[in-house]
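Close look at the chain arrangement
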Amino acid sequence: MPGKNDLFKVTVNGFDFEITREKAEAIDLVTESPGNFHLIQEHRSVKAKLVEADRTGKNQTIEIDGENYAVAIRDELDQVLDQMGFDTAGGKHIKEIKAPMPGLVLEIAVAEGQSVLEGDKILILVAMKMENSIMIHADATIKRIAVTVGQAVDKGQLLVELD
């Protein structure tokens, strides 16, 4: 369940910002027509137009005063998946899978050169006495397995490289 202190990471034209759900919901934003908005921020009136958005709505191009801004919004789930090496918002090709937490590699379910489909199990990582199945979130081919069964890994450590 989302909380008021959920943290969003927002990137605008390469500059990173953080905003809580509470502050985002407090923004005075009015939809004037589909794709056209009016915003009052710090006693300043701003008109914005949605120029383009991906299918998830997390990557957008917004026009303000004739200038386009590339905006990427990452919620907490997106941020965790990014740390694991997945990319949910952009539909980009996944290049690597990283450990979401420190743990011990219990099982490797794939081999180098193997083609895998979205939802396939890659490996099992034991952390805090719990087995965590690491699954793939897009079709890919295993390029290199960077760990071995029984190996201890740190959070963010490379587990598998993909083609």
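Rules of the game
Residues numbered from 1 in each chain as written. Predicted model: local features only at pLDDT ≥ 70, side-chain atom pairs only at ≥ 80, totals over all residues. Heavy atoms only, no water. Helix = DSSP H or I, 4+ residues; strand = E, 2+ residues; numbered from the N terminus. Rg over C-alpha atoms; globule rule 2.2 N^0.38 Å. Contact = heavy atoms within 4.5 Å. Areas by Shrake-Rupley, 256 points an atom, 1.4 Å probe, with all protein chains shown as cover. Lys, Arg positive; Asp, Glu negative; His and termini not counted. Charge placed at Lys NZ, Arg CZ, Asp CG, Glu CD. Core = buried A, V, L, I, M, F, W, Y, C linked by side-chain atoms within 4.5 Å. Buried < 20%, exposed > 50% of the residue type's maximum accessible area, 1.4 Å probe, protein only. Polar contact = N/O pair within 3.5 Å; in protein donor to acceptor, adjacent residues only side chain to side chain. Salt bridge = Lys/Arg side-chain N within 4 Å of Asp/Glu carboxyl O. Pairing = 2+ DSSP bridges. Axes fitted to C-alpha atoms, helices over the stretch in contact; angles between N-to-C directions.

Quick look at the overall build of the protein now. Check the secondary structure of the protein and you find two helices and 15 strands. For 163 residues, the compact-globule estimate of 2.2 N^0.38 gives 15 Å, and the C-alpha radius of gyration of the protein, at 20 Å, exceeds that figure by more than 25%. Projected onto its principal axes, the C-alpha positions of the protein cover 60 × 30 × 25 Å. Summarising the internal contacts of the protein: among those between residues at least 6 apart in sequence, 40% fall at separations of at least 24. Of the roughly 10400 Å² of accessible surface on the protein, a fraction of 53% belongs to carbon and sulfur atoms. For the protein, the distance from the average site of its 18 positive side-chain charges to the average site of its 28 negative ones is 2 Å.

Another point: the nonpolar core. Counting 19 residues, the largest nonpolar core has Ile97, Ile122, Leu123, Ile142, Leu159, Val160 and Leu162 as its most contacted members. Ignoring any residue separated from it by four or fewer positions in sequence, one finds leucine 159 in contact with Ile97, Lys98, Ala99, Leu123, Arg144, Ile145, Ala146, Val147 and Val153. Core analysis: the next-biggest nonpolar cluster, separate from the first, contains five residues, Phe8, Ala48, Ile62 and Val71 among them.

What follows is about the environment of valine 126. With respect to the secondary-structure elements, valine 126 resides in strand E11 (residues 121-127). Note on valine 126: relative accessible area 23%, which makes it partly exposed. Separated by 24 residues in sequence, valine 126 and proline 102 have C-alpha atoms that sit 8.6 Å apart. Apart from residues no more than four positions distant in its own chain, valine 126 is found in contact with Gly103, Leu104, Leu106 and Glu131.

Turning our attention to the side chain of histidine 38. On the secondary structure map, histidine 38 appears in strand E4 (residues 36-41). Given a relative accessible area of 19%, histidine 38 falls into the buried group. A polar contact is formed between the side chain of histidine 38 and the side chain of serine 45, at a distance of 2.5 Å.

Overall, the coordinates contain eight salt bridges when judged by the stated rule. The residue aspartate 65 makes a salt bridge to arginine 44 at a minimum N-O spacing of 3.4 Å. Placement of the pair is aspartate 65 in the loop between strand E6 (59-64) and strand E7 (67-74) and arginine 44 in strand E5 (residues 44-53), with a sequence separation of 21 residues. Taking the shortest distance from any N to any O, the salt bridge between glutamate 96 and lysine 98 comes out at 3.2 Å. Judged by relative accessible area, glutamate 96 falls into the partly exposed class, the value being 27%. Exposure remark for lysine 98: the relative accessible area of 26% places this residue in the partly exposed category.

Before going further, it helps to spend a moment on the sheet that holds strand E2 (residues 15-20). With respect to topology, seven strands assemble into an open sheet ordered E2-E1-E7-E6-E5-E4-E3, the strand pairing being antiparallel. Strands with a single pairing partner mark the edges of an open sheet, and in this sheet they are E2 and strand E3 (28-33). Neighbour-to-neighbour, the strand axes of this sheet turn through a mean angle of 30 degrees, independent of strand direction. In this sheet, E6 lies alongside E5 in antiparallel orientation, the contact comprising five bridges. Each bridged residue has a counterpart across the sheet, and for alanine 53 the counterpart in E6 is glutamine 60.

Positive phi is not limited to glycine here, since asparagine 13 has a value of about 50 degrees. Looking at where asparagine 13 falls in the secondary structure, it is placed in the loop between strand E1 (7-12) and E2. Among the residues examined, asparagine 13 registers a relative accessible area of 37% and is labelled partly exposed. Despite not being glycine, aspartate 65 has its phi angle at roughly 50 degrees, a positive value. Among the residues examined, aspartate 65 registers a relative accessible area of 64% and is labelled exposed.

The next thing to look at is the sheet that holds strand E10 (residues 115-116). The four strands lie next to each other as E8-E15-E13-E10, forming an open sheet whose pairing is antiparallel. Sheet topology places strand E8 (96-98) and E10 at the edges, where each strand pairs with a single neighbour.

Any functional reading would require information that these geometric values do not contain.
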